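# Coordinates in review
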Amino acid sequence: MTTRRSLITGSIAASLALPAALSAAREAAGEGATVDRFPIWPKAPPGAPTPAVVEQWVKRSPNGGADDIAWPHVASPMLTMVKPAKPNGAAVLICPGGGYARVAVGRTGGAIARDFAARGITAFELLYRLPHDNWAAGPDAPLQDAQRAMRVIRAGAGTRWSIDPARVAVTGFSAGGHLAARLASRSGLSTYQPQDAADRLSAAPIVAGLFFPVITMMDDGVHAQSRRELLGGHAADAQWQRRYSAQCDLPASMPPSFVACNGDDPVVPFRNAMLMFEALKAAQVPAELMVFEKGGHGPPVNHKDGAPVPWLDLFIAWSRDHGWPG
């Protein structure tokens, strides 16, 4: 069982530079913006393994910034909130990627969170648990965290965040796109026992944005690392592959979804985005598909004349047709 001592010990290294880093993030997010970071579970997360997970982060590149990090082991799932000086009432949960081998997210609010905040949208970045750490829920451990995060955001909507609980979207990037898609399609699935009053709230987002996403666990288009890390010893099991393929069995309650990828992505085949869009259309879910020419495994690159590709604005403009950000 995870103890308070193990959680604290495993998080010491990650917290040493936090006050200064948060101060820098407040400046980067824009004048008057605030940054906060907090755990999503009231106690230890459900289904803790023995021995306890020791939290760990690593630098993503030797020359990267101080907060350019990823987490190969997560003991205490967290939300990092970037709140604009003048919030417009909308919020977004951001699910980062990492191929389910790690979670590529810092502690001070990343560039995409700051971009949302610059538009008046309160952004929440999710540090979620990974199946390879032997949580009892296995492949559903990240989904537990995503569901809980949505409920925590709604629980503090009026009292802490100055947001409208009906105007919370989800976005996901790479493997985080798979998690966001599963949250959107499985928000009503009971994955853990209620912990407190927050768990009486809905986990459903109003819209979903899936960017260069991992979607399928089946052979057609699979990102092999994500399948291996998510399904572990069941990676070759056809039933498990289908069960955890985000394009399968979309419910009527699936929210409107925006799917975007790059045609030159060398990491996650853009076939994933195609499969998701086809499934959304088959389920008669409002959907938009954007395929950009260049960008690799990340946001589309600027044009040769330096003009940026307005991918985030395209998502927000489309989302307005479906009630978000309002």
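Residues numbered from 1 in each chain as written. Predicted model: local features only at pLDDT ≥ 70, side-chain atom pairs only at ≥ 80, totals over all residues. Heavy atoms only, no water.

### Notes on the packing of aromatic side chains
By the definition in use, this model includes 15 aromatic pairs. Aromatic pair phenylalanine 38 and tryptophan 161: ring centres 5.3 Å apart, planes at 15 degrees, arrangement stacked. Taken as a pair, phenylalanine 38 in strand β1 (residues 34–39) and tryptophan 161 in helix α5 (residues 157–161) lie far apart in primary sequence, 123 residues in all. Both residues of the pair, phenylalanine 38 and tryptophan 161, count as buried. Between phenylalanine 211 and phenylalanine 315, the ring centres sit 5.5 Å apart and the planes meet at 90 degrees, which makes this aromatic pair edge-to-face. Of the two residues, phenylalanine 211 is situated in strand β8 (residues 208–211) and phenylalanine 315 in helix α10 (residues 311–320); the sequence distance between them amounts to 104 residues. (Phe/Tyr/Trp six-rings, centres within 6.5 Å; stacked < 30°, edge-to-face > 60°. Helix = DSSP H or I, 4+ residues; strand = E, 2+ residues; numbered from the N terminus. Buried < 20%, exposed > 50% of the residue type's maximum accessible area, 1.4 Å probe, protein only.)

### Some details on helix α7 (residues 224–231)
The set of residues buried in α7 consists of Ser226, Arg227, Glu229, Leu230 and Leu231. On its buried side, α7 packs onto α6 (175–185) and α8 (238–243). Looking one or two residues past α7, glycine 232 carries a phi angle of roughly 55 degrees, positive in sign. (Contact = heavy atoms within 4.5 Å.)

### Observations concerning the nonpolar core
Of all hydrophobic cores here, the largest spans 61 residues; its most connected members are Leu79, Leu93, Phe124, Leu126 and Met276. Filtering out sequence-adjacent residues up to four positions away, leucine 93 remains in contact with Leu79, Phe124, Leu126, Ala146, Ala149, Met150, Ile153, Ala169, Val170, Thr171 and Leu183. Counting residues in hydrophobic clusters, the runner-up holds 25 residues, among them Val82, Ala113, Ile121 and Ala123. (Core = buried A, V, L, I, M, F, W, Y, C linked by side-chain atoms within 4.5 Å.)

### Observations concerning the pattern of salt bridges
Two side chains that carry opposite charge are able to pair once their charged atoms sit near each other. In this structure the tally under the stated criterion is twelve salt bridges. Residue arginine 119 is joined to aspartate 313 by a salt bridge in which the shortest nitrogen-to-oxygen separation is 2.9 Å. In this pair, arginine 119 sits in the loop between α3 (111–118) and β6 (122–127) while aspartate 313 sits in helix α10, placing the two residues 194 residues apart along the sequence. On the basis of relative accessible area, arginine 119 is assigned to the partly exposed category, the value being 34%. The exposure class of aspartate 313 is partly exposed, given its relative accessible area of 39%. (Salt bridge = Lys/Arg side-chain N within 4 Å of Asp/Glu carboxyl O.)

### Describing the confidence of the model for the chain
Here the chain shows a mean pLDDT of 91. Residues at 70 or above account for 90%. Per-element confidence in the chain ranges from a low mean pLDDT of 30 for helix α1 (residues 4–15) to a high of 99 for strand β5 (residues 91–95). Predicted confidence for residues 1–28 stays below pLDDT 50, and this span has 32 contacts to residues more than four positions away or in other chains. (pLDDT = per-residue confidence, 0-100.)

### Points about the state of the cysteines
Counted by the stated rule, this structure contains zero disulfides. Cysteine 261 supplies the cysteine sulfur nearest to cysteine 95, a cysteine that is in no disulfide, at a spacing of 19 Å. Cysteine 261 supplies the cysteine sulfur nearest to cysteine 248, a cysteine that is in no disulfide, at a spacing of 18 Å. Given the relative accessible area of 9%, cysteine 248 is considered buried. (Disulfide = S-S within 2.5 Å.)

### A look at the environment of proline 42
Assignment of secondary structure puts proline 42 in the loop between β1 and β2 (56–59). Considered as a pair, proline 42 and aspartate 196 are 154 residues apart in the sequence and their alpha carbons are 7.9 Å apart. Sequence-distant contacts of proline 42, that is, excluding residues within four places in its chain, are made with Arg148, Gln195 and Asp196.

### Comments concerning the packing of α3 against α10
At a minimum axis separation of 11 Å, α3 and α10 run at an interaxial angle of 50 degrees. The angle between α3 and α10 falls in the class oblique. By crossing handedness, the relation of α3 to α10 is classed as right-handed. Listed contacts from α10 to Ile112, Asp115 and Phe116 of α3 are Trp311, Leu312, Phe315 and Ile316. (Axes fitted to C-alpha atoms, helices over the stretch in contact; angles between N-to-C directions. Parallel < 35°, antiparallel > 145°, perpendicular 65-115°, else oblique. Left-handed = near helix turned anticlockwise from the far one by under 90°.)

### Looking at unusual backbone geometry
Look at the link from threonine 50 to proline 51: it is a cis peptide, with omega at 5 degrees. Along the polypeptide, proline 51 turns up in the loop between β1 and β2. Cis geometry marks the peptide bond from tryptophan 324 to proline 325; its omega dihedral reads 0 degrees. Positive phi is not limited to glycine here, since tyrosine 100 has a value of about 60 degrees. The backbone of serine 174 shows a phi angle near 60 degrees, a positive value even though the residue is not glycine.

### Some words on α10
Residues Trp311, Leu312, Phe315, Ile316, Trp318 and Ser319 constitute the buried set of α10. Seen end-on, α10 carries its buried residues on one side only, within an arc spanning 165 degrees. Each element contacted by the buried residues of α10 is listed here: α3, β7 (168–173), β8, β9 (257–262) and β10 (287–292). (Arc of directions from axis to C-beta.)

### Regarding the sheet that holds β5
Strand order across the open sheet formed by eight strands is β1-β4-β6-β5-β7-β8-β9-β10, with mixed pairing between neighbours. Of all the strands in the sheet, the pair left with one neighbour each is β1 and β10. Taking each pair of neighbouring strands and ignoring which way they run, the sheet shows an average axis angle of 15 degrees. In terms of strand pairing, β9 meets β10 through six bridges, oriented parallel. (Pairing = 2+ DSSP bridges.)

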